[in-house]
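A closer look at the structure
If you want the building blocks of each chain, they are given just below.
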Amino acid sequence: MHTEISITLFDNKQAEEYLKSLVVETQDLASPVLRSVSICTKVEEAFCQAHVIVVLDESTDKEVSTLEDCLRSRVPLCRLYGYLIEKNAHESVRVIVGGKTFVNLKTVLLMRYAPHIAYNVIAVALGVEGEAKAILARKLKTAPSYIKDVIIWGNISGNNYVDLRKTRVYRYESAIWGSLHYSRPLLNLIFDSEWVKREFVATLKNLTTIGRQFGGILAAHSIATTLKYWYHGSPPGEIVSLGILSEGQFGIHKGIVFSMPVKFENGTWVVLTDLKDIEISEQIMTRVTSDLIQEKLVALGDKIHFQPYQSETELHKKDKRISLPITDDSQEEQVSDEHEDLVPDEEKNLVMYSRPDVVAHTCNPNTLGGRGGCIT
C-alpha cells in the first residue's frame, strides 16, 4: 500500500502566481498517492509539521558582482530556513538539498543553522551519476540502468571526480553472456582509455557550459529516488553517491559536505568505508576539497577572497604558455598538452569535473550557470 502525501510549495510572495500554476499541474497528475497540494508564501508558516523538505535553488532578482558575494548571499536564507525547520517542522524531518548551484555549501549551512536535525540533512548526487551513466551507456550502446556503481566524489555542483573503478555493466551484449545478475567491469569494456580521459570529460563539461545539467526531469527523478532509498533502502550490494557531512572518512577534510559512496538501509545511510581499492591520493583529495573548504570559509566571513585550486602542474603549464611566444593555434595546443603524462596513475580512472577559474563580473544567483557558481 502506498503512503499518501500532502505537498506544500513554499516561496516568496512574488512567486505566488507561479506556485498556483504548479498546483494545477500537480493536481492534473491525478496521482493516487497525492492527498493535497497547497502553497505557502508566509515565512512564519513555512515547513509547518513537514516530514520531508526539499530545498532547491532559491528564486531571487538580486544581482551580485563577485563569486564571494554569491557565496555570502547563501547564508541569510540558510540561516532563516534552519531556524524555521527547527521551529516548525516535525522532529523527525528529513531534508534533501538539490539544485544547480552551491549544493554542498547550502547543505552544510543548513546543518549549521539547524543543528538538532543536522544528521537528517543530505545533498542529492544522483543527478551527476545519471549524467555519467547516460554518456557511458551511449558509448557502450546499452541502457543507462544497466550501469551500476559509479561513484561521485566531492562537490556535487563544482569540482568532483567521477570514479569508474568500481563501475559494472549488467546485461551487456557480447561474446560473454550470463544471467541477469552477471556483470562485468566497465573499464574492461571500454578499450579506448583516451575516450574516457578526453571525450567523456568534455561531454560532461559541455552539459554544464550549455546549461543542460540537472534539467527538471533529471532533478525530480534524482530527488525521488534518493527519498525512496532513504525510506525503503537502496538495492542490495549497489553503491550510491550521497552528499553528507564528512567525519574524516577516506581522509576527507572534516566539517565539509562531500559526496561519497554509501548504501541506504533501515531508514538511514551507511558510508561504505570497507570498499577496497578506492583510495584517493593526497593530490586528488586536495584538489577536490579545496573549493569546498574555501566556499564555507568565504560564506561565513572567515576568508575574504576565493582562490580556485591549481596544481603545480597546472601552474607550470600556465607559466609555460605565458613564457613562450605562441602565434599558431596548433602550437598552443601542443604546449597545453605537454604535461599530459604527468597525471598520476591513480588518477587515470578518475574523471574530474572542474569549473573554470574565471567568474563573471555580474551574476544572478538564481540563473547562475555552471557547476559551483561560475558562468562558463
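Residue numbers here run from 1 along each chain, matching the order of that chain's written sequence. In keeping with the predicted nature of the model, local features appear solely for residues at pLDDT of at least 70, side-chain atom pairs appear and are counted solely at 80 or more, and the whole-chain, interface and lining totals rest on all residues. In computing side-chain properties, one takes all heavy atoms of the structure into account and sets aside hydrogens as well as water.

**Observations regarding the overall build of the protein**
The condition that has to hold: Helix and strand definitions here come from DSSP, where helices need a minimum of 4 consecutive H or I residues and strands a minimum of 2 consecutive E residues; each element is numbered from the N-terminal end. For the exposure calls, accessible area comes from a 1.4 Å probe over protein chains only, and a residue counts as buried if that area is under 20% of its type's maximum, exposed if over 50%, partly exposed in between. Two residues form a contact once any of their heavy atoms are found within 4.5 Å. Using a 1.4 Å probe, accessible areas were evaluated by the Shrake-Rupley method; residue-level cover was limited to the displayed protein chains.
Each helix and strand counted, the protein has 10 helices and 14 strands in total. Within the span of the protein, comprising 376 residues, buried residues form 44% of the whole. When contacts within the protein are restricted to residue pairs at least 6 apart in sequence, those whose partners lie at least 24 apart make up 68%. A total of about 19800 Å² of accessible surface is found on the protein, and carbon and sulfur atoms cover 52% of it.

**Things to note about the pairing of strand 13 (residues 268-271)**
Basically, it comes down to this: When DSSP locates at least two bridges between a pair of strands, those strands are taken to pair.
Of the two faces of strand 13, only the one carrying Trp269 and Val271 is buried; Thr268 and Val270 on the other face are not. With 4 bridges joining them, strand 12 (residues 257-265) and strand 13 adopt antiparallel strand pairing. Bridging from a neighbouring strand, Phe264 pairs with Trp269 of strand 13. In sequence, strand 12 turns back onto strand 13 through a hairpin of 2 residues, with Asn266 there showing a positive phi of about 55 degrees.

**Regarding the packing of helix 4 (residues 103-113) against helix 8 (residues 282-299)**
The test is simple: Axes, fitted as lines to C-alpha atoms, cover a helix only where it is in contact. Angles between the N-to-C directions of the axes lie from 0 to 180 degrees. By definition in this entry, angles of less than 35 degrees are roughly parallel, angles greater than 145 are roughly antiparallel, angles of 65 to 115 are roughly perpendicular, and the rest are oblique. By convention, the crossing between two helices is left-handed when the near helix turns anticlockwise from the far helix through less than a right angle, and right-handed when the turn is clockwise. Residue type decides the class: Asp, Glu, Lys and Arg count as charged, Ala, Val, Leu, Ile, Met, Phe, Trp, Tyr, Cys and Pro as nonpolar, and the leftover types, Gly among them, as polar.
For the pair helix 4 and helix 8, the least separation of the axes is 10 Å and the interaxial angle reads 55 degrees. As far as their axial angle goes, helix 8 and helix 4 are oblique. Crossing angle aside, the handedness with which helix 4 passes helix 8 is right-handed. In this structure, helix 4 contributes Asn104, Leu105 and Val108 to the contact, and helix 8 contributes Leu292, Glu295, Lys296 and Ala299. Classifying every residue of the contact of helix 4 with helix 8 gives 4 nonpolar, 1 polar and 2 charged.

**Section: the pairing of strand 5 (residues 121-124)**
Rules: When the strands point away from the viewer, a crossover counts as right-handed if the route from the first strand across the helix to the second turns clockwise.
A two-sided burial pattern is seen for strand 5, the buried positions comprising Val121 and Ala123 on one face and Ile122 and Val124 on the other. Pairing of strand 4 (residues 94-97) with strand 5, which is carried by 3 bridges, proceeds in the parallel orientation. Bridge assignment links Ile96 to a residue of strand 5, and that residue is Ile122. In this view, the connection linking strand 4 to its parallel neighbour strand 5 by way of helix 4 has right-handed handedness. Strand direction decides the pairing type here: strand 5 and strand 11 (residues 240-245), joined by 2 bridges, are antiparallel.

**Looking at unusual backbone geometry**
A positive phi angle, near 65 degrees, is found at Phe47, a position not held by glycine. By secondary structure assignment, the location of Phe47 is in the loop between strand 2 (34-40) and strand 3 (52-55).

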